[in-house]
Amino acid sequence: MKAVVTLGENSPEVKHLSARDKRLAKAISMIGTISYIPHNDEYAFLIHEIIEQMLSIKAGRKIYERLETLCGARITPQSVSALSDEAIRSTGTSNAKVSYIRTITDAVLSGSLCFDELRELSDEAVIKKLTALRGIGTWTAKMYLIFVLDRQDILPFEDGAFLQSYRWLYNTTDTTPASVKKKCAKWKPYSSIAARYLYRILDLGLTKEDFRLFK
């Protein structure tokens, strides 16, 4: 079990972000301390992300839970490999995603995808290794870097949830990659930590009201 990570006003990462970005500093003050545990099950995390692609969180969760049931409560390469394509499709998964799940499962079982190896690679090398697998794009690879490997400087500008809070925080409709990267360059080397706060903003429903820097 990985250790709980707690971030508060005295954390070096939070101090850095607050000093560099007054808008983010205000948002952080609205949220307060956050805690998280990096995901322990690398394989299950990837399968979950594949299932949830292009779906609502609610729909993705239902399909994932159905797959869990078929796998006897735990999704592993062995339990998924034992299922037929028809059984996986019966969860509500598309043909394309069944193929992607097979690709990842076979890669893990064959050893061509080794999670221990990923931990030792650079961020760029992890993205290259994962996106070489059919069905895994840059978005999924970045989610893996942030939520499994707990890498500190990943900017997930491909992610819709992140961008929703970004638009709220900066009162902008410009979410082009170039614009986001320029605006968020000041977050380095803690872009992932800033992103975690933006995700929490959405979870707490703060985007339902306009952001006010001075209030």
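Note that the structure is predicted; figures quoted are calculated from it, not measured.

Side note on the environment of Trp187
Along the chain, Trp187 falls in the loop between helix H12 (177-183) and helix H13 (191-203). Assessed through its relative accessible area of 0%, Trp187 is described here as buried. Trp187 sits 169 residues away from Ser18 along the chain, and the two C-alpha atoms are 9.2 Å apart. Trp187 has contacts with His16, Leu17, Asp21, Leu24, Leu155, Phe162, Tyr170, Ala194 and Leu198, leaving out every residue within four places of it along the chain. A distance of 2.9 Å separates the side chain of Trp187 from the side chain of Asp21, its partner in a polar contact.

Remarks on the environment of Ser112
In this structure, Ser112 sits in the loop between helix H7 (95-110) and helix H8 (115-120). In this structure the C-alpha to C-alpha distance between Ser112 and Lys129, which are 17 residues apart in sequence, comes to 9.8 Å. When residues no more than four places from it in sequence are discounted, the contact partners of Ser112 are Ala107 and Lys129.

Brief notes about the packing of aromatic side chains
Enumeration over the complete set of coordinates arrives at seven aromatic pairs. Between the aromatic rings of Phe115 and Tyr144, the centroid separation amounts to 6.3 Å while the plane-to-plane angle is 25°, which identifies the pairing as stacked. In this pair, Phe115 is assigned in helix H8 and Tyr144 in helix H10 (residues 138-147), connecting sequence segments 29 residues apart. Both residues of the pair, Phe115 and Tyr144, count as buried. Between Phe162 and Tyr166, the aromatic rings sit 6.3 Å apart at their centres with planes inclined by 25°, giving stacked as the arrangement. Of this pair, Phe162 and Tyr166 both sit in helix H11 (residues 160-170), four residues apart, which is roughly one turn of that helix. With respect to burial, Phe162 and Tyr166 carry one shared label: buried. An aromatic cluster is present here, built from Phe162, Tyr166, Tyr170 and Trp187 joined pairwise through their rings. Stacked on the ring of Tyr36, the Lys or Arg Arg196 has its end atom at 3.4 Å from the ring centre.

Remarks on the pattern of salt bridges
One pass over the structure, following the stated rule, counts nine salt bridges. One salt bridge in this structure joins Arg119 and Glu42, with 2.4 Å as the shortest N-O distance. Of this pair, Arg119 sits in helix H8 while Glu42 is found in helix H3 (residues 42-52), placing the two residues 77 residues apart along the sequence. Judged by relative accessible area, which is 38%, Arg119 ranks as partly exposed. Among the residues examined, Glu42 registers a relative accessible area of 9% and is labelled buried. Here Asp150 and Arg196 are joined by a salt bridge, their closest N and O atoms 3.8 Å apart. Taken as a pair, Asp150 in the loop between H10 and H11 and Arg196 in helix H13 lie far apart in primary sequence, 46 residues in all. What makes Arg196 buried here is its relative accessible area of 9%. If you follow the salt bridges from partner to partner, you end up with Glu42, Asp116 and Arg119 in one network.

Structural notes on the packing of H3 against H10
Where H3 meets H10, the closest approach of the two axes is 10 Å, and the angle between their N-to-C directions is 140°. Our classification of the angle between H3 and H10 gives oblique. Viewed along their axes, H3 and H10 form a crossing whose handedness is right-handed. In contact with Glu42, Phe45, Leu46 and Glu49 of H3, H10 contributes Trp139, Thr140, Met143, Tyr144 and Phe147. Residue composition of the contact of H3 with H10, by class: six nonpolar, one polar and two charged.

Things to note about the side chain of Thr140
As for its position among the elements, Thr140 is in helix H10. Residues contacting Thr140, with those up to four places away along its chain left out, are Leu46, Glu49 and Gln53.

Parameters at a glance
- Residues numbered from 1 in each chain as written.
- Predicted model: local features only at pLDDT ≥ 70, side-chain atom pairs only at ≥ 80, totals over all residues.
- Heavy atoms only, no water.
- Helix = DSSP H or I, 4+ residues; strand = E, 2+ residues; numbered from the N terminus.
- Buried < 20%, exposed > 50% of the residue type's maximum accessible area, 1.4 Å probe, protein only.
- Contact = heavy atoms within 4.5 Å.
- Polar contact = N/O pair within 3.5 Å; in protein donor to acceptor, adjacent residues only side chain to side chain.
- Phe/Tyr/Trp six-rings, centres within 6.5 Å; stacked < 30°, edge-to-face > 60°.
- Lys NZ or Arg CZ within 6 Å of the ring centre and 35° of its normal.
- Salt bridge = Lys/Arg side-chain N within 4 Å of Asp/Glu carboxyl O.
- Axes fitted to C-alpha atoms, helices over the stretch in contact; angles between N-to-C directions.
- Parallel < 35°, antiparallel > 145°, perpendicular 65-115°, else oblique.
- Left-handed = near helix turned anticlockwise from the far one by under 90°.
- Nonpolar A, V, L, I, M, F, W, Y, C, P; charged D, E, K, R; others polar.

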